[in-house]
Amino acid sequence: AQSVSQHNHHVILSEAASLELGCNYSYGGTVNLFWYVQYPGQHLQLLLKYFSGDPLVKGIKGFEAEFIKSKFSFNLRKPSVQWSDTAEYFCAVIMLTGTASKLTFGTGTRLQVTL
Amino acid sequence: KAGVTQTPRYLIKTRGQQVTLSCSPISGHRSVSWYQQTPGQGLQFLFEYFSETQRNKGNFPGRFSGRQFSNSRSEMNVSTLELGDSALYLCASSSGLAGGAPDTQYFGPGTRLTVL
């Protein structure tokens, strides 16, 4: 079955540390890729997306992600995290089929940034 | 532009009852999708509506249904509620491209449903 995996369930970092959250999907066809963030008490917000073109995409708040097609991965990175980045991060994929509007989400990674 | 709005924000129901949740998409958006978020199952796709027609459906029982109105507002209904239906129900809107082409979805704050 088509699926999205986020292997890190809970990550704890100190402020200024670098961040990389993994995301892998299982689908051999064309995909569109997203990272969403859910801050405590807030709704899901789009961080960045990849549809086509340059596989390195930049999003809001200094986040970036790289699509590596051969590895079926779309990892999220940030060179220096801040306390305000504490949130849950979701990778989501649209696997292009006849019904392309369905987003399949990973289980999420809870990031805790300590001062 | 105003974002996606959902009402009510919180609901408490008892087993066997039914519930209707409402979603107003971003102005100009024609596609509305619904998701269920639970600690155990994460975010799961329920269904998508575009131009008053269900365009896509997830793997949920028939107790879960929805509809979309001509102004793109959508409602989701759950009949014969079960304890396991307790969840955060999220609505997302997108502009809705021809042929179901992928588009960015923007999420509302959700309706938290508790079934006792």
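What counts, and at which threshold
- Residues numbered from 1 in each chain as written.
- Chains lettered and ligands numbered in written order.
- Predicted model: local features only at pLDDT ≥ 70, side-chain atom pairs only at ≥ 80, totals over all residues.
- Heavy atoms only, no water.
- Disulfide = S-S within 2.5 Å.
- Helix = DSSP H or I, 4+ residues; strand = E, 2+ residues; numbered from the N terminus.
- Buried < 20%, exposed > 50% of the residue type's maximum accessible area, 1.4 Å probe, protein only.
- Polar contact = N/O pair within 3.5 Å; in protein donor to acceptor, adjacent residues only side chain to side chain.
- Contact = heavy atoms within 4.5 Å.
- Core = buried A, V, L, I, M, F, W, Y, C linked by side-chain atoms within 4.5 Å.
- Pairing = 2+ DSSP bridges.
- Buried area = accessible area lost by both parts, 1.4 Å probe.
- Salt bridge = Lys/Arg side-chain N within 4 Å of Asp/Glu carboxyl O.

K.L.:
Please explain the state of the cysteines as it appears in this structure.
P.N.:
Here a disulfide denotes one covalent bond, and it connects the sulfur atoms of two cysteines. Considering all chains together, one arrives at two disulfides over all chains under this definition. Linked covalently through their sulfurs, Cys23 of chain A and Cys91 of chain A form a disulfide whose S-S length is 1.9 Å. Linking Cys23 of chain A and Cys91 of chain A, the disulfide has an S-S dihedral of approximately -60° and is accordingly described as left-handed. One end of the pair, Cys23 of chain A, is in the loop between β3 (19-21) and β4 (24-26); the other, Cys91 of chain A, is in strand β10 (residues 87-95), and 68 residues separate them in sequence. Across this residue pair, the class does not change: Cys23 of chain A and Cys91 of chain A are buried. In this model Cys23 of chain B forms its disulfide with Cys91 of chain B; the gap between the sulfur atoms is 1.7 Å. One quick way to see it: the torsion about the S-S bond of Cys23 of chain B and Cys91 of chain B is about -55°, and its sign makes the bridge left-handed.

K.L.:
Where do I start with the side chain of Gln6 of chain B in this structure?
P.N.:
Residue and element names in this part refer to chain B. Within the fold, Gln6 resides in strand β1 (residues 5-7). A relative accessible area of 4% means that Gln6 is categorised as buried. At a separation of 3.0 Å, a polar atom in the side chain of Gln6 contacts the main-chain carbonyl oxygen of Tyr89. Polar side-chain contacts of Gln6 include one of 2.9 Å to the backbone nitrogen of Gly110. Gln6 has contacts with Ser22, Cys23, Trp34, Tyr89, Leu90, Cys91, Gly108, Pro109, Gly110 and Thr111, leaving out every residue within four places of it along the chain.

K.L.:
Would you take a moment to explain the nonpolar core for this structure?
P.N.:
Residues and elements named next belong to chain A. Counting 30 residues, the largest nonpolar core has Trp35, Leu48, Phe74, Leu76 and Tyr89 as the members making the most contacts within it. For this core, the elements supplying multiple residues, two or more each, are β2 (10-14), β3, β5 (31-38), β6 (45-50), β8 (64-68), β9 (73-78), β10 and β12 (109-114). It is β10 that provides the largest number of residues to this core, a total of five residues. Beyond its immediate stretch of four places on either side in the chain, Leu48 contacts Leu33, Phe34, Trp35, Val57, Lys58, Gly59, Phe63, Glu64, Ala65, Phe74 and Leu76.

K.L.:
Where do I start with the pairing of β9 of chain A in this structure?
P.N.:
Residues and elements named next belong to chain A. Burial within β9 is extensive, with five of its six residues counted as buried. Taken together, the three bridges between β3 and β9 define a ladder with antiparallel strand orientation. The partner of Leu21 across the bridge, within β9, is Leu76. Relative to β9, β8 is paired through five bridges, and the arrangement is antiparallel. Bridge pairing in β9 links Ala65 to Leu76. The turn linking β8 back onto β9 is made up of four residues, and Phe72 within it adopts a positive phi angle of 50°.

K.L.:
Help me out: how do you make sense of the interface of chain B and chain A in this one?
P.N.:
It is common to give the size of an interface as the accessible area lost on bringing the parts into contact. The interface of chain B with chain A comprises 17 residues on the first partner and 18 residues on the second. Taken together, the two surfaces of chain B and chain A that pack against each other cover about 1600 Å², and 58% of this comes from carbon and sulfur. At the junction of chain B and chain A, the tally comes to zero salt bridges. Inspection of the chain B/chain A interface yields four residue pairs in polar contact (both at pLDDT 80 or more).

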